[in-house]
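If you want the building blocks of each chain, they are given just below.
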Amino acid sequence: MAKVNINIWNDLESLSAAAAIEFARIANDAIRENGRFTVALSGGSTPVELYKLLSSEEFISKLDWEKIFFFFTDERDVSPASNQSNFKMVNELLFKPLKISKPQIFRWQTEIINAVGIAEQYEKYIRKFFKMPGEGIPSFDLCLLGLGDDGHTASLFPHTKALTETKALAVANIVKKLKVFRLTLTFPVINSAKNIWFLVSGDQKAKMVLNVLEGEYEPEKFPAQAVKPIDGKLSWFMDDPAAHLIKK
Ligand code: 6PG
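This write-up is about the structure you can find in this document. Bear in mind that the values here come from a model prediction, so they are computed numbers and not experimental data. Every chain begins its residue count from 1, and numbering advances along the sequence as written. Per-residue local features of the predicted model are confined to residues with pLDDT of at least 70, and side-chain atom pairs are confined, for both listing and counting, to 80 or more; whole-chain, interface and lining totals are unaffected and use all residues. Excluded from the side-chain calculation are hydrogens and water; included are all heavy atoms of the structure.

**Notes on the overall build of the protein chain**
(1) Moving on: When its secondary structure is counted, the protein chain shows 8 helices and 9 strands.
(2) Moving on: Here the C-alpha radius of gyration of the protein chain, 17 Å, is about what a compact globule of 248 residues would show, namely 18 Å.
(3) Moving on: Its C-alpha atoms give the protein chain principal-axis dimensions of roughly 45 × 40 × 35 Å.
(4) Moving on: In this scheme, a residue with accessible area under 20% of its type's maximum is buried, one over 50% is exposed, and one in between is partly exposed, where area comes from a 1.4 Å probe on protein chains only. Classification of the 248 residues of the protein chain by burial places 56% in the buried group.
(5) Moving on: The long-range fraction of contacts in the protein chain, counting pairs at least 24 apart against all pairs at least 6 apart in sequence, stands at 74%.
(6) Moving on: Roughly 11,500 Å² of accessible area belongs to the protein chain as shown, and the carbon and sulfur atoms make up 54% of that amount.
(7) Moving on: Neither His nor the chain termini are counted; the positive set is Lys and Arg, and the negative set is Asp and Glu. Charged groups are reduced to one reference atom each: NZ for lysine, CZ for arginine, CG for aspartic acid, CD for glutamic acid. Taking the average location of the 31 positive side-chain charges in the protein chain and that of its 30 negative ones, the two points are 4 Å from each other. Only DSSP runs of H or I with at least four residues qualify as helices, and only runs of E with at least two residues qualify as strands; both kinds are numbered from the N terminus onward. It is over C-alpha atoms that the radius of gyration is taken, and the globule rule equals 2.2 Å times the number of residues to the power 0.38. Throughout, a contact is declared for two residues whenever any of their heavy atoms are within 4.5 Å. Computed with the Shrake-Rupley method and a 1.4 Å probe, the accessible areas treat only the protein chains shown as cover for residues.

**Overview of unusual backbone geometry**
(1) Moving on: The backbone of Ala154 shows a phi angle near 50°, a positive value even though the residue is not glycine.
(2) Moving on: Along the chain, the position of Ala154 falls in the loop between strand E5 (142-145) and strand E6 (170-175).
(3) Moving on: One non-glycine residue with positive phi stands out, namely His159, at about 55°.
(4) Moving on: On the secondary structure map, His159 appears in the loop between E5 and E6.

**Thoughts on the environment of Phe181**
(1) Moving on: By the secondary structure assignment, Phe181 is in strand E7 (residues 180-185).
(2) Moving on: Exposure remark for Phe181: the relative accessible area of 32% places this residue in the partly exposed category.
(3) Moving on: C-alpha of Phe181 to C-alpha of Ser85: the two residues are 96 residues apart in sequence and 13 Å apart in space.
(4) Moving on: Look past the residues within four positions of Phe181 in its chain and what remains in contact with it is Asp77, Ala115, Ala172, Asn173 and Ile174.

**Focus on the pattern of salt bridges**
(1) Moving on: Just to be clear on terms, a salt bridge is a Lys or Arg side-chain nitrogen sitting within 4 Å of an Asp or Glu carboxyl oxygen. On inspection of all chains with the given rule, the structure shows 12 salt bridges.
(2) Moving on: A salt bridge links Lys96 to Glu92; the nearest nitrogen and oxygen atoms lie 3.0 Å apart. Placement of both Lys96 and Glu92 in helix H4 (residues 86-98) is noted, with a separation of 4 residues, approximately one turn of the helix.
(3) Moving on: Residue classification places Glu92 among the partly exposed positions, given a relative accessible area of 38%.
(4) Moving on: Where salt bridges share partners, they join Glu22, Arg25, Asp29 and Arg32 into one cluster.

**Comments concerning the site of the ligand**
(1) Moving on: The cutoff for a nearby residue is simple: one of its non-hydrogen atoms must lie within 4 Å of the molecule or strand. Neighbouring residues of the ligand: 15 residues in total, closest Thr46, Asp74, Arg76, Ala154 and Lys205.
(2) Moving on: Contacts to the ligand include His152, whose side-chain N or O atom sits 2.7 Å from an oxygen atom.
(3) Moving on: The protein chains hide 88% of the 420 Å² of surface that the ligand would expose on its own.
(4) Moving on: Each residue gets one label: Ala, Val, Leu, Ile, Met, Phe, Trp, Tyr, Cys and Pro are nonpolar, Asp, Glu, Lys and Arg are charged, and the others, such as Gly, are polar. Of the residues assigned to the shell around the ligand, the class counts are 2 nonpolar, 9 polar and 4 charged. N or O atoms within 3.5 Å of each other form a polar contact, as long as, within protein, one can give a hydrogen and the other can take it, and as long as residues adjacent in sequence are counted only when both atoms are side-chain atoms.

**A few points about the side chain of Ser235**
(1) Moving on: Relative to the elements of secondary structure, Ser235 occurs in strand E9 (residues 233-239).
(2) Moving on: Setting aside anything within four residues of it in sequence, one finds Ser235 in contact with Asn5, Asn7, Ile196, Trp197 and Phe198.

**Regarding H4**
(1) Moving on: Multiply 1.5 Å by the residue count of a helix minus one, and that product is the helix's expected span. Over its 13 residues, H4 runs 17 Å from end to end, which matches the ideal 18 Å to within 8%, given 1.5 Å per residue.
(2) Moving on: Roughly 45° is the biggest bend found in H4, and it falls at Glu92.
(3) Moving on: Capping of H4 at its N-terminal end is provided by Ser85; its side-chain oxygen lies 3.1 Å from the backbone amide nitrogen of Phe87.
(4) Moving on: Backbone geometry just downstream of H4 places Lys99 in the positive-phi region, at approximately 50°. Here the bend at a residue means the angle between the axes of two seven-residue stretches, the one that ends at it and the one that starts at it.

In structure tokens form, the structure reads like this:
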């Protein structure tokens, strides 16, 4: 398995500051090399600080934002106007303040009636953007992930069907414990990313961080363990409370 970079900071604020600087570095490298930077953003609360920093005065001038293309690792099956929507959160914190243009944003079209239709549409979006019709797995420059205290990442929850998907890039995943469909990228496309980051903060995640990084390999139980980059680099950005149980 490729090397895993474990980075630990005192708190969420310093974790987010370091992640913002690294985001700018890899984005500029990608734009210099390929003329663009493609990123799949995570939802949840942990990346909020990072998104706020990236749209702050300090970072606006550090990046050629017009060359960055935004996707989402997962989405809830709700309206884009819902407070549950990952798109809404990122739109408020990042897209609106940075005046990101619509053609640069690829959100899950949750206004489509059924979840399977949303996932099929998203897969078409991704394939069209990466010019990969039909077969092949595209590589995002960066895939940002969080970690649930149950071991889920994106919307790949323990013991759910999406964990074993090997072909589709985007699926509707029935999460029985939440009694909902969740929309999520699958491991093949997550693991094809050039850079994969876990951003994890808080004492409530410490036990799961220990399970994922040092426990038995049980990806059905701890789906985050199945995040294994094929050629890319996997980095964990954690604060002390989240990382205090693992061997330093
Ligand atoms: C979501 C996220 C999800 C999240 C984890 C951690 O849609 O909520 O994609 O996978 O990253 O649940 O969430 P927190 O950052 O809020 O702890």
